[in-house]
Amino acid sequence: MKISELLAKKIPTLSFEVFPPKTSSKYETVKAATSAIAKLKPDYMSVTCGAGGKTDIYTADIAASLGSEHSVTSIAHMTCVGTSKADAKRRIKELEDLGIENVFGLRGDIPEGFDMAGCDFQHASELIAYIKSISDICVGGACYPEGHPESANIYEDIGHIREKVDAGCEFLTTQMFFDNNIFYKYLCKLRDAGINVPVAAGIMPVTNAAQMEHICSLSGAYIPSRFINILDRFGSDPDAMKQAGIIYATEQIVDLLANGVNAIHVYSMNKPDVAAKIQENLSCIVPSAKK
Ligand code: FAD
């Protein structure tokens, strides 16, 4: 199913992001984790990719298996980094041949020392426009409630999101955020800019203190004092931190749904137990979570 069609129904949806193995030695472990998450029958699952295309074969393989083995709609991520027009055309054809109807078009994080000058696509909007020129596959793209770290300000960044949507991006998924007010204000700015595609809220259940340090260094996301208190109190007790992190994420989701946000995308980090618990917590709220 095309995710644009699913989100157009305007009913609450719960989807999970998984990542592919970096090497063949990790393949079976990752496959087992993604299969366990697929057995929860979420509305759809996204499969990330490493910038530079090295993991694309696994991204496509895992995304295809979600559909063929579990009947779960999937979306495969694809980046501009190191991708030529010929590469993009070949990968889209591969995805279509595997029965995958959705692709997430990204620039990707540029590896240190990598020169984008040799790439056919400098920005996600260019990749998305190219994909839409050769295929009617559904295309999603990324957006950043706190602004992309490279952009001068949020309005400049939203201008580029607008280019992405004008290029054919049919829905957006946000970077993780830990304060829903940031998301609500951002959504208003997107709508003011004439961006009317569905926006899936990206929620990260933080289940250990080290994960939060990693997140902060990567995304620079604002951490509310309420969450800092949780880290201070429970960060050194793994079980307590996991439980508190899942509850925090669940509360964020319930608040979003209560305020009319229908599309919830959970960064599952390939943890089936965390995905299952979040789903269970929403079993009377999200139709696909009802068992
Ligand atoms: P772009 O939309 O190209 O934007 C990048 C920067 O360039 C922004 O600052 C933007 O404002 C600016 N910009 C855009 N267009 C122009 C223009 N025409 N002129 C000048 N400036 C411009 N990374 C991966 O490697 N693999 C993944 O699977 C992956 N999945 C992700 C999923 C989500 C939901 C999110 C939010 C991010 C994901 N990322 C992934 C990370 C992403 O690749 C990085 O955040 C990357 O730095 C930006 O990608 P983008 O597609 O948003 O880029």
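First, a word on what this report is: a plain description of the structure on this page.

Rules used throughout
Residues numbered from 1 in each chain as written. Predicted model: local features only at pLDDT ≥ 70, side-chain atom pairs only at ≥ 80, totals over all residues. Heavy atoms only, no water. Helix = DSSP H or I, 4+ residues; strand = E, 2+ residues; numbered from the N terminus. Buried < 20%, exposed > 50% of the residue type's maximum accessible area, 1.4 Å probe, protein only. Pairing = 2+ DSSP bridges. Right-handed = clockwise from strand over helix to strand, strands pointing away. Core = buried A, V, L, I, M, F, W, Y, C linked by side-chain atoms within 4.5 Å. Contact = heavy atoms within 4.5 Å. Axes fitted to C-alpha atoms, helices over the stretch in contact; angles between N-to-C directions. Phe/Tyr/Trp six-rings, centres within 6.5 Å; stacked < 30°, edge-to-face > 60°. 1 Å grid on protein atoms, 1.4 Å probe; cavity = no way out; pocket = protein on both sides within 12 Å on 5 of 7 lines; lining within 4 Å. Points joined across faces, edges and corners; volume = space filled by probe spheres on them. Nonpolar A, V, L, I, M, F, W, Y, C, P; charged D, E, K, R; others polar. Near = heavy atom within 4 Å. Polar contact = N/O pair within 3.5 Å; in protein donor to acceptor, adjacent residues only side chain to side chain. Areas by Shrake-Rupley, 256 points an atom, 1.4 Å probe, with all protein chains shown as cover. Arc of directions from axis to C-beta.

This brings us to unusual backbone geometry. A positive phi is found at Lys-10, a non-glycine position, where the angle reads about 55 degrees. If you trace the backbone, Lys-10 turns up in the loop between helix H1 (3-8) and strand S1 (13-18). Since its relative accessible area comes to 65%, Lys-10 is described here as exposed. The residue Ser-71 is not glycine, and still its phi comes out positive at about 55 degrees. Inspection of the secondary structure assignment puts Ser-71 in the loop between helix H3 (56-70) and strand S3 (74-79).

Of all 6 residues in S3, 6 are buried, a share of seventy percent or more. Covered by surrounding structure in S3 are Ser-74, Ala-76 and Met-78 together with Ile-75, His-77 and Thr-79, the residues of both alternating faces. Where strand S2 (residues 44-47) lies against S3, 3 bridges are found, and the strand directions are parallel. Paired with Ser-46 across the strands is Ile-75, a residue of S3. Running through H3, the crossover from S2 to the neighbouring parallel element S3 is right-handed. As paired strands, S3 and strand S4 (residues 102-106) are joined by 4 bridges and run parallel to one another. Each bridged residue has a counterpart across the sheet, and for Met-78 the counterpart in S4 is Gly-105.

Let us now look at the nonpolar core. Judged by nonpolar contacts, the single largest core of 67 residues is most densely connected at Leu-172, Phe-183, Leu-190, Leu-256 and Ile-264. In contact with Phe-183, other than residues within four places in its own chain, are Pro-145, Thr-174, Phe-177, Val-199, Ala-201, Leu-256 and Val-261. Residues Met-176, Met-212, Ala-221 and Tyr-267 belong to the second largest nonpolar core, which totals 15 residues.

Around the barrel, 8 strands lie side by side as S1-S2-S3-S4-S5-S6-S7-S8; this closed barrel has parallel pairing. When strand polarity is set aside, the average angle formed by the axes of neighbouring strands in this sheet is 30 degrees. Strand direction decides the pairing type here: S1 and strand S8 (residues 263-267), joined by 5 bridges, are parallel. Within S8, the position partnered with Ser-15 by the bridge is His-265. Those strands touched by helix H6 (residues 154-166) are strand S5 (138-143) and strand S6 (171-174), and its axis lies near 175 degrees from that of S5.

Attention now moves to the packing of aromatic side chains. Summed over the entire model, instances satisfying the criterion amount to 7 aromatic pairs. With centroids separated by 6.1 Å and ring planes inclined at 70 degrees, the aromatic side chains of Phe-183 and Tyr-184 adopt a geometry described as edge-to-face. Each of the two residues, Phe-183 as well as Tyr-184, counts as buried. An angle of 80 degrees between the planes, with centres 4.6 Å apart, marks the rings of Phe-227 and Tyr-248 as edge-to-face.

Another point: the pairing of S8. The element S8 is largely enclosed, with a buried count of 5 among its 5 residues. Here S8 shows no split at all, with Ala-263, His-265 and Tyr-267 on one side and Ile-264 and Val-266 on the other all buried. When strand S7 (residues 199-203) meets S8, the two strands line up parallel, connected through 3 bridges. Of the residues in S8, the one forming a bridge with Ile-203 is Val-266.

Below, the discussion takes up the layout of surface pockets. Estimates place the volume of the second largest pocket at around 280 Å³. Leu-7, Arg-191, Pro-198, Val-199 and Asn-262 are, among the 14 residues lining the second largest pocket, the residues nearest its centre. Elements represented by at least two residues in the lining of the second largest pocket include exactly H1 and helix H7 (180-192). Here the residues of the lining of the second largest pocket are counted per class, giving 8 nonpolar, 4 polar and 2 charged.

Okay, the site of the ligand next. If you check the shell around the ligand, you find 25 residues, and the closest are Cys-49, His-77, Asp-109, Tyr-144 and Asp-157. Within the side chain of Glu-163, an N or O atom sits 3.3 Å from a nitrogen atom of the ligand. Summarising the interface, the protein chains cover 85% of the accessible area of the ligand, which totals 970 Å² for the free molecule. The dominant element in the shell around the ligand, judged by the number of residues it contributes, is H6, at 4 residues. A per-class count over the shell around the ligand returns 8 nonpolar, 11 polar and 6 charged.

In this section: helix H11 (residues 272-281). Among all positions in H11, only Val-274, Ala-275, Ile-278 and Gln-279 are buried. In an axial view of H11, the angular spread of the buried residues amounts to 130 degrees, which keeps them on one side of the axis. In this structure, the buried side of H11 is in contact with S1, helix H2 (27-38), helix H10 (238-258) and S8.

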